[in-house]
Amino acid sequence: MGFRSFAVSRLPAALSSLPGLRPTPAAPEPTAAEAASFDALVHRLSYLPKADIKRVREAYKFADEAHLGQFRASGEPYITHPIAVAGLCADWRLDAQAIMAALMHDAMEDCGVTKTELIERFGAPTAELVDGLTKLDKLQFSTKEESQAESFRKMLLAMARDVRVILIKLADRLHNMRTMEAMAPIKRRRIARETLDIYAPIAHRLGLNQIYRELQELSFSHIYPWRHAALTKAITKARGNRRDLVSRIERDVEKAFAASDLRVEVQGREKTVYSIYQKMRDKHLSFAQVSDIFGFRIVVHDLPTCYLSLGVLHQLYKPQPGRFKDYIAIPKPNGYQSLHTTLVSPLGTPVEFQVRTEPMHLVAEKGVAAHWLYKNEGSNSSSAESAQQMGSRWLQSLIDIQDETRDANEFLEHVKIDLFPDAVYVFTPKSKIMALPRGATPVDYAYAIHSDVGDHCVAAQINGEPVPLRTELRSGDVVEIVTAAGARPNPAWLSFVRTGRARSKIRHFLKNLEQEESRDLGEKMLSQALRAEGLALPSLDDEDNAAAQLWQQLARWAGNRHADELLVEIGLGRKIATIVAKKLARMLAEQGQRPDAVMLTMGRFSAEEAPAQGQVTLDGSEGASVRLASCCRPIPGDEIKGYLGRGEGLLVHTAECQVGRKLFQRDSEHWIAVHWAEELTRPFEAAVSLLLNNGKGVLAQVAQAVSSAEADITHIQMSDESQQRETAEMNLLLSVRDRLHLAEVLRTLKRSPAVLRVWRVKPS
């Protein structure tokens, strides 16, 4: 919710004057010499055994020597940064390996230390943690953005194997954000924007709410310093104006719980500056209109008391309808558990209360890091391990996305989509709860169940009612997916799916499908070009060793890894089939094969005279690798030609298309002969224009005429001025079988009383 405790020491000192608030005394700032020494860290490691502290001291000495002579932008010795990062990790009570990795996290990147050296001195687990935190600066990338994306992908995949990687990285980022004042403003804003877009959401996704809030606040102050300063001043002023209200609510709450004989701890809390800014921006409010700046947290000792406390609060003040949320029964994906209720205060303003147990409070603030805190306190760690598992499920999904997405920028895009700040909770038909990001659709739900369910999804039902696949899900919906064996993902789904998993699965399927179709097209084209040389295409069977060796030799000549890749590139127009065929013909000639006279004659006749066997045949089953040009919309019966755009597959034009003719004059070598198959698998779209008598029922007459001719209207458009004139022009896209069918439809339309003229639209 973007709240911070009133007791956080980083808030202005004016907070301490608020009644009922008990800020913890801040520890004295260490001197520069102390900050650069092991003494600044050792008192925070008291939870570790002496042997582990000794190992950490060795890691400190190693890091100190490695960074000797290096300084931060502020002028401090560089070693102060690793010590501060290790201190933050120690506050989470991470194990010795993580503390050692925190101390040495920049050693490989900045000091030339090798992974092998770290393994020899500190063991493989520590070296793996350091390696996961190291950027890929030694590799060559075409752009800085690509380098950053690849380094980020490496870190996330290391995090998926060991969650300590991201805990150390977040501690590193937090200390950097706290100490950026010495940097140039442009660099500060760039780092702050990256933190706000990526690292703060990751902290929230893993339940690290304290880190999440502070990263947001620091990022906001660096990106918009004037806005941050103005809001901070307004909040300080409002804090004084509302002091009496906060004091009165606290007294009323404590008195009500004392009367109910319930032992609870009442904590005041305040919305963060960034959270208030977000609410003002999203809801177009002024600061004076934001009424819920303050709230209260009730911490109790056990689960039943949470619900008893809720009853006490609802008896004290009236609850606002629809503002109660039970995150205990249905935890958030990051493990967060609390009861949320909004009550109307004595002055009529809304005040939010959160009710939780002490273990829930620890998990809510520390997230997955609470796992180590619980373990070291010897308490029941089931809740913390549950939070760890919830985080791990998301981390595991990164591996799944990585399997389908080899491009680093695309991977980063999917991860950003999954770093959602809120969730909806829906039910399967068997009453299992599933958490999805807000705005998720039935397609996201289908892929969350299983990739096969998503790939074969054709329809969905929500609460027993059929709905479009782009419908947004709401909490409490019961969702059922209808599948069909022959169904496959639709590219249009990419425009509305919300989860990175669904997006990556759809793209992966379509990419593979395009590869298969392009390969088949490339094989047809190469076969046709080779037939013009009087030769047959060698076998593509892997068991034919001689042919396999020939194909491998040809692929190497073309700059490809294998034959399938070469055929895909021919199908996509990146390689010219005739050139590859001539090279293959020379290779076959070297092996003693001679052109067949009959095949040579047929092949040349096929290429120069008329459509014959061996050309690319279109039957309507082609996918993304073959497209019909929208300028002329060819249909069976039209004379057609195919243009192989570079990397775009085969684009089919009619022979009389003016756009195609201009393209042919400019790039004639990429044109190939194509023809229609005798048996077609689907109807095709043709563009038709009509001149009509404007009047009532005209559209119904046209639709009736098209239907009686056994055709369908797929798109309709009328001119804007049609209501003001006696005649109107209408443009239709008709689904027809071929030219003969289109001619029949046009004759039927001409017989309609409302139609003055009808014609097929052709490019001028």
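Our structure is the block above this text.
On to unusual backbone geometry, then. The phi dihedral of Asp261 falls on the positive side, at around 60°, and the residue is not glycine. Position of Asp261 among the secondary structure elements: in the loop between helix H14 (243-259) and strand E2 (265-271). Given a relative accessible area of 69%, Asp261 falls into the exposed group. Look at Glu710: it is not a glycine, yet its phi comes out positive at around 60°. Residue placement: Glu710 occurs in the loop between helix H29 (698-708) and strand E18 (712-718).

With respect to the element layout, Gln315 can be found in helix H16 (residues 303-316). Given the relative accessible area of 71%, Gln315 is considered exposed. Taking the C-alpha atoms as reference points, Gln315 and Ala256, 59 residues apart in sequence, are found 8.9 Å from one another.

All right, on to the sheet that holds strand E11 (residues 479-483) then. One open sheet holds the 3 strands; their spatial order is E10-E9-E11, and the pairing between them is antiparallel. Only two strands of the sheet have a single neighbouring strand rather than two, namely strand E10 (465-467) and E11. Across this sheet, the average inter-strand angle for adjacent strands is 35°, counted without regard to direction. By the bridge criterion, 5 bridges tie strand E9 (residues 457-462) to E11 in an arrangement that is antiparallel. Counted as the bridge partner of Gln461 is Glu480 from E11. Across the sheet, helix H21 (residues 442-449) is in contact with E9 and E11; its angle to E11 comes to roughly 80°.

A separate point is the pattern of salt bridges. Enumeration according to the criterion identifies 16 salt bridges in this entry. Here Glu685 and Arg633 are joined by a salt bridge, their closest N and O atoms 3.5 Å apart. In this pair, Glu685 sits in strand E17 (residues 684-693) while Arg633 sits in the loop between strand E13 (626-628) and strand E14 (640-645), placing the two residues 52 residues apart along the sequence. Take Arg633: its relative accessible area is 25%, and that puts it in the partly exposed class. Between Asp638 and Arg739 there is a salt bridge whose closest N-O contact spans 2.9 Å. Residue Asp638 is found in the loop between E13 and E14, and its partner Arg739 is found in helix H30 (residues 739-750); the two are separated by 101 residues along the sequence.

Reading the values: rules and limits
Residues numbered from 1 in each chain as written. Predicted model: local features only at pLDDT ≥ 70, side-chain atom pairs only at ≥ 80, totals over all residues. Heavy atoms only, no water. Helix = DSSP H or I, 4+ residues; strand = E, 2+ residues; numbered from the N terminus. Buried < 20%, exposed > 50% of the residue type's maximum accessible area, 1.4 Å probe, protein only. Pairing = 2+ DSSP bridges. Axes fitted to C-alpha atoms, helices over the stretch in contact; angles between N-to-C directions. Contact = heavy atoms within 4.5 Å. Salt bridge = Lys/Arg side-chain N within 4 Å of Asp/Glu carboxyl O.

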